[in-house]
Amino acid sequence: MSMEKAMNNILSRAGMSNSSSKPDPVKCKLCGKDKPQMEIKHPFKNEMRWVHCACPCEIEQMEEFKRNQEAHARRIRINKVLKLSSSMEDIKNMTFDNYKMRKGAENSYKEILDAVKNFDERKKHGVFIFGETGNGKSHLTAAGGNELINQGYAVIYITEKDLFSRLAATKNFKNEESFQEIMGACLDADLLIWDDFMSSQYLRDEEKDWIFQIINGRERANKPIWATSNITPKEFQSDEIAYKLDDKGRTWWRILGNMNCIFNKASNYRKSKAMARAMGISIEEYENGEGQQL
């Protein structure tokens, strides 16, 4: 068989007519209607030929199949990423509905709501919330993360201590997780929520390198980080903290450049709750200054 004849057979099987005449209609197997036809230029001859096109319902079926495949792949990816999160049972119960708004946390709350609402538009632009321990930073970021998970995004919530210990554990050849799996998940997730960021009093060189790899990698991938930290406003403004992560301050300035930094002014809720219970008054009364003297 000649090459020309072979190609004509292929084109014929693909639905192209053998002449310039409009062919008889072909019924769609799904809806029973005539498939649309159109003229196109023959790839090897200077003439037009008719071809049968896919029926709109066939196109919709193929697109639906593609959407289902993508959704299945996304669910697998999300479940894989979620396995890396710290204390998953506690985290998934933190929502906006059970978040208790407190004086001083208004700006943090508004920022997380905006970060959720405009997640795709913000791209790599993340959030850095700092303030006193126990004032709701972790609950707020977890609530935002859970909302995004419900929308189909892959989110990792991990504490700095847990992240470092798990990366260090990969040095043991018997460890179930590999360094590449953990680091890859941190870089691949749609959102990384980094709880208790910079909580370590001393950072080893390898830990500084891990931090830079994640910060830099997610910046290059145009993906955000939401970080919480217990540093004070004085520490936030100091040169010392900028050079804690590396001797040139490059990691710190990447953080400030890629995140909206919010000082959560709310007080320590756990402390207020404990003191109010001890004094036999409500948390609101304690935080309003009542019963300060035992």
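Before any of the text, the structure's been laid out above.
Residues numbered from 1 in each chain as written. Predicted model: local features only at pLDDT ≥ 70, side-chain atom pairs only at ≥ 80, totals over all residues. Heavy atoms only, no water.

### Regarding the overall build of the protein chain
Scanning the protein chain from terminus to terminus reveals 14 helices and 7 strands. By residue count, 39% of the 294 residues in the protein chain fall in the buried class. In the protein chain, 72% of the contacts between residues at least 6 apart in sequence involve partners at least 24 apart. Accessible area for the protein chain stands at about 17600 Å²; split by element, carbon and sulfur atoms hold 51% of it. (Helix = DSSP H or I, 4+ residues; strand = E, 2+ residues; numbered from the N terminus. Buried < 20%, exposed > 50% of the residue type's maximum accessible area, 1.4 Å probe, protein only. Contact = heavy atoms within 4.5 Å. Areas by Shrake-Rupley, 256 points an atom, 1.4 Å probe, with all protein chains shown as cover.)

### Here's the deal with the side chain of arginine 218
Relative to the helices and strands, arginine 218 resides in helix H9 (residues 205–220). The charged side chain of arginine 218 is buried without a salt bridge, its nearest counter-charge being aspartate 190 at 7.0 Å. Residues within four places of arginine 218 in sequence aside, it is in contact with Cys186, Leu187, Asp188, Ala189, Asp190, Leu191, Leu192, Lys223, Pro224 and Ile225. (Lys, Arg positive; Asp, Glu negative; His and termini not counted. Salt bridge = Lys/Arg side-chain N within 4 Å of Asp/Glu carboxyl O.)

### Some words on helix H4 (residues 106–117)
When the terminal C-alpha atoms of H4 are compared, their 17 Å separation across 12 residues agrees well with the 16 Å that a helix rising 1.5 Å per residue should span. The complete set of buried residues in H4 reads Ser108, Glu111, Ile112, Ala115 and Val116. Buried positions in H4, seen along its axis, are confined to an arc of 135° and lie on one side of it. Facing away from the buried side of H4, by more than 90 degrees, are the exposed residues Lys110 and Lys117. (Expected span 1.5 Å × (residues − 1). Arc of directions from axis to C-beta.)

### Considering the sheet that holds strand E3 (residues 126–131)
In spatial order, the strands read E4-E5-E6-E3-E7; together these 5 strands make up an open sheet with parallel pairing. The open sheet is flanked by strand E4 (155–159) and strand E7 (259–264), the only strands paired with a single partner. In this sheet, neighbouring strand axes are inclined to one another by 10° on average, regardless of whether the strands run parallel or antiparallel. Bridge count for E4 against strand E5 (residues 191–195) is 5 bridges, and the pairing is parallel. Counted as the bridge partner of isoleucine 158 is tryptophan 194 from E5. Relative to the sheet, helix H7 (residues 160–169) contacts E4 and E5, its axis offset from that of E4 by approximately 90°. (Pairing = 2+ DSSP bridges. Axes fitted to C-alpha atoms, helices over the stretch in contact; angles between N-to-C directions.)

### A word on the pattern of salt bridges
One pass over the structure, following the stated rule, counts 12 salt bridges. Across the salt bridge formed by arginine 67 and glutamate 60, the nearest N and O atoms sit 2.8 Å from each other. Ionic pairing is found between aspartate 162 and arginine 166, a salt bridge with its closest N-O pair at 3.1 Å. Of this pair, aspartate 162 and arginine 166 both sit in helix H7, 4 residues apart, which is roughly one turn of that helix. Under the relative-accessibility criterion, arginine 166 is labelled buried at 15%. The network of salt bridges with shared partners includes Lys171, Arg204, Glu206 and Glu207.

### Overview of the nonpolar core
Counting 31 residues, the largest nonpolar core has Phe128, Leu163, Trp194, Phe197 and Trp252 as the members making the most contacts within it. Apart from residues lying up to four places away in sequence, leucine 163 is in contact with Ile158, Ile182, Cys186, Trp194 and Ile214. Within the second largest apolar cluster, 22 residues are counted, among which are Ala115, Val127, Leu191 and Ala266. (Core = buried A, V, L, I, M, F, W, Y, C linked by side-chain atoms within 4.5 Å.)

### Considerations on empty space enclosed by the protein
Across all of its chains, the model carries 2 cavities of 30 Å³ or more by this definition. By volume, the largest cavity is sized at about 80 Å³. In terms of residue class, the lining of the largest cavity is built from 5 nonpolar, 1 polar and 5 charged. (1 Å grid on protein atoms, 1.4 Å probe; cavity = no way out; pocket = protein on both sides within 12 Å on 5 of 7 lines; lining within 4 Å. Points joined across faces, edges and corners; volume = space filled by probe spheres on them. Nonpolar A, V, L, I, M, F, W, Y, C, P; charged D, E, K, R; others polar.)

### Considering the packing of aromatic side chains
Describing an aromatic ring pair means giving the distance of the ring centres and the angle of the ring planes. Tallied over the full model, the rule gives 13 aromatic pairs. Considering the side-chain rings of phenylalanine 179 and tryptophan 210, the 6.4 Å spacing of their centres and the 50° angle between planes classify their relative orientation as tilted. With phenylalanine 179 in helix H8 (residues 179–188) and tryptophan 210 in helix H9, this pair connects stretches of sequence that are 31 residues apart. By relative accessible area, phenylalanine 179 is classed as partly exposed at 23%. We classify tryptophan 210 as buried; its relative accessible area is 5%. (Phe/Tyr/Trp six-rings, centres within 6.5 Å; stacked < 30°, edge-to-face > 60°.)

### Quick word on the pairing of E5
Side chains on a regular strand alternate between the two faces of the sheet. Along E5, 5 of the 5 residues are buried, which leaves the element largely enclosed by surrounding structure. Side chains of E5 alternate between two faces, with Leu191, Ile193 and Asp195 and Leu192 and Trp194 buried alike. Of the pairings in the sheet, the one linking E5 to strand E6 (residues 225–229) comprises 3 bridges and is parallel in character. When the sheet's bridge partners are listed, isoleucine 193 is paired in E6 with tryptophan 226. As a crossover connection, the stretch from E5 through H9 into E6 is right-handed. (Right-handed = clockwise from strand over helix to strand, strands pointing away.)

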